[in-house]
Amino acid sequence: ETGVTQTPRHLVMGMTNKKSLKCEQHLGHNAMYWYKQSAKKPLELMFVYNFKEQTENNSVPSRFSPECPNSSHLFLHLHTLQPEDSALYLCASSQELAGGSEETQYFGPGTRLLVL
Amino acid sequence: AQKVTQAQTEISVVEKEDVTLDCVYETRDTTYYLFWYKQPPSGELVFLIRRNSFDEQNEISGRYSWNFQKSTSSFNFTITASQVVDSAVYFCALSDDAGGTSYGKLTFGQGTILTVHP
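Asks: How would you summarise the overall build of chain A if you had to cite specific residues and measurements?
Replies: Across its full length, chain A holds 0 helices and 11 strands. Taken from the N to the C terminus, the helices and strands of chain A come in the order β-β-β-β-β-β-β-β-β-β-β. Relative to the globule expectation of 13 Å for 116 residues, the C-alpha radius of gyration of chain A, 14 Å, shows essentially globular dimensions. Considering only C-alpha atoms, chain A reaches an extent of 40 × 30 × 30 Å along its principal axes. The buried share of chain A, reckoned over its 116 residues, is 50%. Surface accessibility of chain A: about 5300 Å² in total, with carbon and sulfur atoms responsible for 52%. A distance of 11 Å separates the average location of the 10 positive side-chain charges in chain A from that of its 11 negative side-chain charges.

Given below as C-alpha cells:
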C-alpha cells in the first residue's frame, strides 16, 4: 500500500455538481494537508489539519469544504465550483512533533479536476 | 515573509550531461527547513531531501547532490550524468519555524521543468 492515496485520480464536474475528493494516508501521520496546483502557479496551501483539528484555512472560498474524520482520512467537498477551480489537487501528510519541527510532507498522486 | 525563487523555468539537456537547478530563498527566521521535491508527469510530488538551517553540509545521494549556502540563501540541486527518467518538474520549498505555531506551512518555488533528451 502506497503512503498517501487519493481518489478519484481524475474528475470532471459541472458547476452545479457536488463531489468529494478523498485522501488516505497509511504512514501513521498526525497532520494532513490540501494543496491546489494550477497551471503556471506555485502550489498553494489550502487547508491544514493537525490531530484532526483544522489549524489553517488559507483564505479558501467556501465552495471548498474540508473534512477530517480521523487522522488517516481527509476529504475535500466541492460544490458550485467555477472553471478557474480546475487544477490538480494534492493531499499530503506529515508527522508533526511538539514545537513544530516542520517534518517532511509526503504527497499523494493528486486528483486532476476539470470544472466545465 | 517567506519566498522561494526558482529562476529557471525550463531546462533542456542531453542525457549524461550534468545539470544544476537553482533555488534562492528568503526568510526572517533563523530556524528553517529546505526541501526539494520531484514531480514526474504522473503528478505525485516525490520527496528528495530535507535540510535544516543549521546543517550546511552538502549532501550527495547517488547522482544527486545539494549545495546549501546560507551566505547566499541558496539551496541548489545538481544531477550528475542525467538520464531520461530525470525528466520532471522540480520544486524547491521552504518551511520556517514561525515561532513554533505554524505547522506545515511550506512555501514552494514556481518549479523548474527539466527535460532530458536521449
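Asks: Could you give an account of the pairing of strand β12 (residues 112–117) of chain B, with specific residues and numbers?
Replies: All names here are of chain B. Side chains of β12 alternate between two faces, with T112, L114 and V116 buried and I113, T115 and H117 left unburied. Relative to β12, strand β2 (residues 10–14) is paired through 5 bridges, and the arrangement is parallel. Residue S12 lies in a different strand from β12, and its bridge partner there is T115. As defined by bridge partners, strand β10 (residues 88–96) adjoins β12 across 3 bridges and the pair is classed as antiparallel. Within β12, the residue paired with V89 across the bridge is I113.

Asks: Describe unusual backbone geometry, listing the residues and the values that go with them.
Replies: Cis geometry is adopted by the peptide bond preceding P8 of chain A, which originates at T7 of chain A and carries an omega value of -10 degrees. Its location among the elements puts P8 of chain A in the loop between β1 (4–7) and β2 (10–13). Although it is not a glycine, S73 of chain B adopts a positive phi angle of roughly 50 degrees. Its place among the elements puts S73 of chain B in the loop between β8 (64–69) and β9 (74–79). Note on S73 of chain B: relative accessible area 23%, which makes it partly exposed.

Asks: Pulling in residues and values, what's your account of the sheet that holds β1 of chain A?
Replies: Residue and element names in this part refer to chain A. Strands sit in the order β1-β3-β8-β7 across an open sheet of 4 strands; the sheet is antiparallel. The sheet terminates laterally at β1 and β7 (64–70), the two strands that pair on one side only. For this sheet, the mean angle separating the axes of adjacent strands, direction not counted, is 20 degrees. Direction of pairing for β7 relative to strand β8 (residues 73–79): antiparallel, over a ladder of 5 bridges.

Asks: Can you explain the side chain of T104 of chain A? Please cite residues and give values.
Replies: Of note, T104 of chain A is situated in the loop between β9 (87–94) and β10 (106–107). If near-sequence neighbours (up to four positions away) are discounted, T104 of chain A is found in contact with S93 and S94 of chain A together with F35, Y37, F47 and R50 of chain B.

Rules of the game
Residues numbered from 1 in each chain as written. Chains lettered and ligands numbered in written order. Predicted model: local features only at pLDDT ≥ 70, side-chain atom pairs only at ≥ 80, totals over all residues. Heavy atoms only, no water. Helix = DSSP H or I, 4+ residues; strand = E, 2+ residues; numbered from the N terminus. Rg over C-alpha atoms; globule rule 2.2 N^0.38 Å. Buried < 20%, exposed > 50% of the residue type's maximum accessible area, 1.4 Å probe, protein only. Areas by Shrake-Rupley, 256 points an atom, 1.4 Å probe, with all protein chains shown as cover. Lys, Arg positive; Asp, Glu negative; His and termini not counted. Charge placed at Lys NZ, Arg CZ, Asp CG, Glu CD. Pairing = 2+ DSSP bridges. Axes fitted to C-alpha atoms, helices over the stretch in contact; angles between N-to-C directions. Contact = heavy atoms within 4.5 Å.

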